Amino acid sequence: MRSRGHVLMVGPSTCRAFELPAAGELSIGRDDGSDIVLCDGAVSRHHARLIAHDGEVRIADRNSRNGTHVNGARIDGPQLLANGDEIAIGGSILVVHLPRPLPRGLQANAVAEPAIKRLALGDREVIVADPAMSDVYDLLARLGPSDLSVLVCGETGVGKENAAFAVHHYSRRAGPFVAINCAAIPEALAEAELFGFEKGAFTHAVAAKPGLLEIAEGGTVFLDEVGELSLAVQAKLLRVVQTRQVMRVGGLREREIDVRIVAATNRDLEAEADAGRFRRDLLFRLNDSLVVLPPLRARPREIGVLARAFLDAACRRSGRPPLALSAGATRWLETHAWPGNVRELEKTMKYVAVVVTGRSVEEHDLRLAVDQGRGRAPLTLVPDPDRAPPPITDELRGLEAQRMRDALDRCGGVHTRAAALIGMPIRTFTNKVKRYGLASRGTRKP
C-alpha cells in the first residue's frame, strides 16, 4: 500500500514514527489492540482515529474523556490535517508529516533535486533544503502570529535558536528578541539575571536593575537549555508565565510584563519531571506547542548544501578564493554522523577554509578538522627516530578507546547503543568507559 506520510509520536518517555496508509485507519488509545498505543491515564482506551481517504488525512475523536486537540484547539468532529499539524492526546504529541506532491511535469520515477530555500529572518538567513526542515519552518510561520508558548526540542547544535527567532520574526511583536542561555547563568545569580533586583537587595546592589524578562518587554524571550534551571528558579518562572508579572529580587511589588516565551531543551523534560528535577506544571505552561528539530543526520539533503554555504562564507572571511569539495569529501560529509549537528559542520568548514593549502577540500582534511574540533591529536604523527616506539598493548588500548569514543559520539552518549555498535558486551564497555576516562565527556547510561 502506498505511504501517505507518517505521524511522529513524542511521548513522556519515547519518540516513534507511525506510517500512514494510502487508505484506511489507525486507531489511537490506551488499549493494547490500538495501532498507536499511548500508556497514559489521561488517554481513553479507544481515544481517536486517523483516517486516510482520497489523498487526505483526518483525525476524529471517539468520544474520549479528555478530548483530542489539534494545534491547541479541541476538535468537535473529524478534522482535516495539514503538514506540521500537532495532535495532543493526553501527555503525547503527534506531529503530522505528509508527503509533498511532485511538481507538475516531473515524472513519477524521477528524483527531484533538493529545493533550497534561503529564509530571510530579519538580519539572519536560514538555509532549508530538506522537506523535514521545510515543514518545521512552515509550522513556525503559522505559530508566529499566535500567543502560544513554544517548546523547541532537539539535539545540541540543530539550530534551536534559529527556530526560536523564526517564531519571533513571524510574530506581530515589536519588542526585542532576548536569548538567554540558562546553562551559562550561575545558579546563585539566576534570579537576579532573569527577574532583576532592587537597590540594596544584596551586597553590591548599589542601584536597581531590570532583569532580562523585563528587558524583553513587548518582544520574545528565548530560554535556551531551560532544563538547567534550578527548581527554585523554575517556581518563580512559573509565576511569571501564569501572571505575566515579575517580582524583582528584594522588591515589594510585582511589575506587569508583556513577553512571549519560547523555550528550548535537548533533555527529555517529561523524564526530568518524573525524576523530580523539572516542574511538571511549568512544562505544561511552556509546552503550548511542541516543535521537534530533527538532527542533521536525519536530513541528509541539507548536509552538502549547508557545507557549501559555510565553506564559501568562511573563504570570504579569510580573504581567499572559494574552495571546491572533492567527490570523496562530499561522500564523507554525507555519511558522517555529525553528533554536533549543524554547529559542528559549520565549525569544520571554518577550519578547513583556513588550513587547506590546495584548491579543494579532500576527505582527509575533513577528518583532521573533525578530530581537532573534538580535542583529539591528529591520527598521523611524524615519528621521532630517537624515541623507542610505544608498546603494542598501548597502541591497541588507544585504538580501542578511540573506537569507543566514536561510538559514544554517534549514539548520543547512550552506553547500550554504543556497545552494540562496536560489538562489545555492555558490562565490559561500561568498565572500560571508566578506565579510559570517557565518562567525563558527558556520556550517559541507558
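Residues numbered from 1 in each chain as written. Predicted model: local features only at pLDDT ≥ 70, side-chain atom pairs only at ≥ 80, totals over all residues. Heavy atoms only, no water.

Colleague: How would you summarise the overall build of the protein chain if you had to cite specific residues and measurements?
Modeller: Within the protein chain, the secondary structure is distributed over 14 helices and 24 strands. Intrachain contacts of the protein chain at a sequence separation of at least 6 include 60% that bridge at least 24 residues. Looking at the protein chain as shown, the accessible area adds up to about 23,400 Å², and 52% of this sits on carbon and sulfur atoms. (Helix = DSSP H or I, 4+ residues; strand = E, 2+ residues; numbered from the N terminus. Contact = heavy atoms within 4.5 Å. Areas by Shrake-Rupley, 256 points an atom, 1.4 Å probe, with all protein chains shown as cover.)

Colleague: So, the side chain of His47: which residues are in play, and what are the values?
Modeller: In this fold, His47 is placed in the loop between β4 (36–37) and β5 (48–53). His47 sits in the buried class, given a relative accessible area of 0%. Within polar-contact distance, the side chain of His47 engages the side chain of Ser64 at 3.2 Å. (Buried < 20%, exposed > 50% of the residue type's maximum accessible area, 1.4 Å probe, protein only. Polar contact = N/O pair within 3.5 Å; in protein donor to acceptor, adjacent residues only side chain to side chain.)

Colleague: So what about the sheet that holds strand β6 (residues 56–61)? Which residues, and what values?
Modeller: Strand order in the open sheet formed by 5 strands is β4-β3-β5-β6-β9, and the pairing between neighbours is mixed. On the outer flanks of this sheet lie β4 and β9 (79–80), each paired with one strand and no other. (Pairing = 2+ DSSP bridges.)

Colleague: Tell me about the pattern of salt bridges, and please be specific about residues and values.
Modeller: Counted under the stated rule, the structure contains 22 salt bridges. For Arg297, the salt bridge is made with Glu155, and the minimal N-O distance between the two is 2.5 Å. Highlighted residues: Arg297 in the loop between β22 (289–292) and α8 (300–318) and Glu155 in the loop between β14 (150–153) and α2 (160–169), separated in sequence by 142 residues. The exposure class of Arg297 is partly exposed, given its relative accessible area of 36%. Judged by relative accessible area, Glu155 falls into the partly exposed class, the value being 28%. (Salt bridge = Lys/Arg side-chain N within 4 Å of Asp/Glu carboxyl O.)

Colleague: Break down helix α1 (residues 131–143) for me, with residues and values.
Modeller: Its 13 residues place the ends of α1 18 Å apart at the C-alpha level, agreeing with the 18 Å of an ideal helix rising 1.5 Å per residue. All of the buried residues along α1 are Met133, Ser134, Asp135, Val136, Tyr137, Leu139, Leu140 and Leu143. You can read the cap of α1 off the contacts: a side-chain oxygen lies 2.9 Å from the backbone nitrogen of Ala132, and it is on Asp130. (Expected span 1.5 Å × (residues − 1).)

Colleague: Talk me through the packing of α8 against helix α10 (residues 341–355); I want residue IDs and the actual numbers.
Modeller: Closest axis-to-axis distance for the α8/α10 pair is 8 Å, and the angle between their directions is 40°. When the axis of α8 is compared with that of α10, the two are oblique. Read as a crossing pair, α8 and α10 show a hand that is right-handed. On α10, the residues that touch Ile303, Leu306, Ala307, Phe310, Leu311, Ala314, Cys315, Arg317 and Ser318 of α8 are Val342, Leu345, Glu346, Met349, Lys350, Val352, Ala353 and Val354. Partitioned by chemical class, the residues of the contact of α8 with α10 number 13 nonpolar, 1 polar and 3 charged. (Axes fitted to C-alpha atoms, helices over the stretch in contact; angles between N-to-C directions. Parallel < 35°, antiparallel > 145°, perpendicular 65-115°, else oblique. Left-handed = near helix turned anticlockwise from the far one by under 90°. Nonpolar A, V, L, I, M, F, W, Y, C, P; charged D, E, K, R; others polar.)

Colleague: Quick one: what's the story with unusual backbone geometry, residue by residue and with numbers?
Modeller: Phi is mostly negative for residues that are not glycine, and the peptide bonds are mostly trans. Non-glycine residue Asn71 carries a positive phi angle of around 50°. Of note, Asn71 is situated in the loop between β7 (69–70) and β8 (73–74). Located in the positive-phi region is Arg244, a residue other than glycine, with phi close to 60°. Here Arg244 lies in the loop between α5 (231–243) and β19 (245–246). Looking at Arg244, the relative accessible area reads 29%, which means it is partly exposed.

Colleague: Quick one: what's the story with the side chain of Ser171, residue by residue and with numbers?
Modeller: Mapped onto the elements, Ser171 comes out in the loop between α2 and β15 (177–181). For Ser171, a relative accessible area of 13% puts it in the buried group. Sequence-distant contacts of Ser171, that is, excluding residues within four places in its chain, are made with Gly144, Pro145 and Arg260.

Colleague: Kindly report on the sheet that holds strand β21 (residues 260–265), identifying the contributing residues and their values.
Modeller: Taken together, the 5 strands give an open sheet; going across it, the order is β15-β18-β21-β14-β22, and neighbouring strands pair in parallel fashion. Each edge of the sheet is formed by a strand with only one pairing partner; in this case those strands are β15 and β22. Within the sheet, the average angular offset between the axes of one strand and its neighbour, ignoring direction, is 20°. Of the strand pairs in this sheet, β15 and strand β18 (residues 220–224) are connected by 5 bridges, and their pairing is parallel. Directly across from Phe177, in β18, lies its bridge partner Thr220.

Colleague: Give a detailed account of α10, specifying residues and quantitative values.
Modeller: Here α10 is 15 residues long and its end C-alpha atoms lie 22 Å apart, about the 21 Å a rise of 1.5 Å per residue gives. Along α10, the residues classified as buried are Asn341, Val342, Glu344, Leu345, Thr348, Met349, Val352 and Ala353.

Colleague: I'd love a proper account of the nonpolar core, names of residues and values included.
Modeller: Counting residues in hydrophobic clusters, the biggest one holds 34 residues, and the most contacted among them are Phe195, Leu223, Val226, Leu237 and Leu286. The set of elements that each furnish at least two residues to this core consists of β11 (92–97), β14, β15, α3 (187–195), β18, α5, β21 and α7 (280–286). Ranked by residue count, the leading element in this core is α5, at 5 residues. Not counting chain neighbours up to four residues away, the residues in contact with Val226 comprise Cys182, Ala263, Ala264, Thr265, Leu269, Phe278 and Leu286. (Core = buried A, V, L, I, M, F, W, Y, C linked by side-chain atoms within 4.5 Å.)

Colleague: Any chance you could break down the pairing of β5 for me, citing the residues and the numbers?
Modeller: Burial along β5 is one-sided: Ala48, Leu50 and Ala52 are buried, and none of Arg49, Ile51 and His53, which face the opposite way, are. Across 5 bridges, strand β3 (residues 24–29) lies against β5 in antiparallel orientation. Bridged to Glu25 within β5 is Ile51. Strand direction decides the pairing type here: β5 and β6, joined by 6 bridges, are antiparallel. Its bridge partner being in β6, Ile51 is matched across the sheet by Arg58. Where β5 folds back on β6, the antiparallel hairpin that results is connected by 2 residues, among which Asp54 adopts a positive phi of roughly 55°.

None of this, on its own, says anything about what the molecule does.
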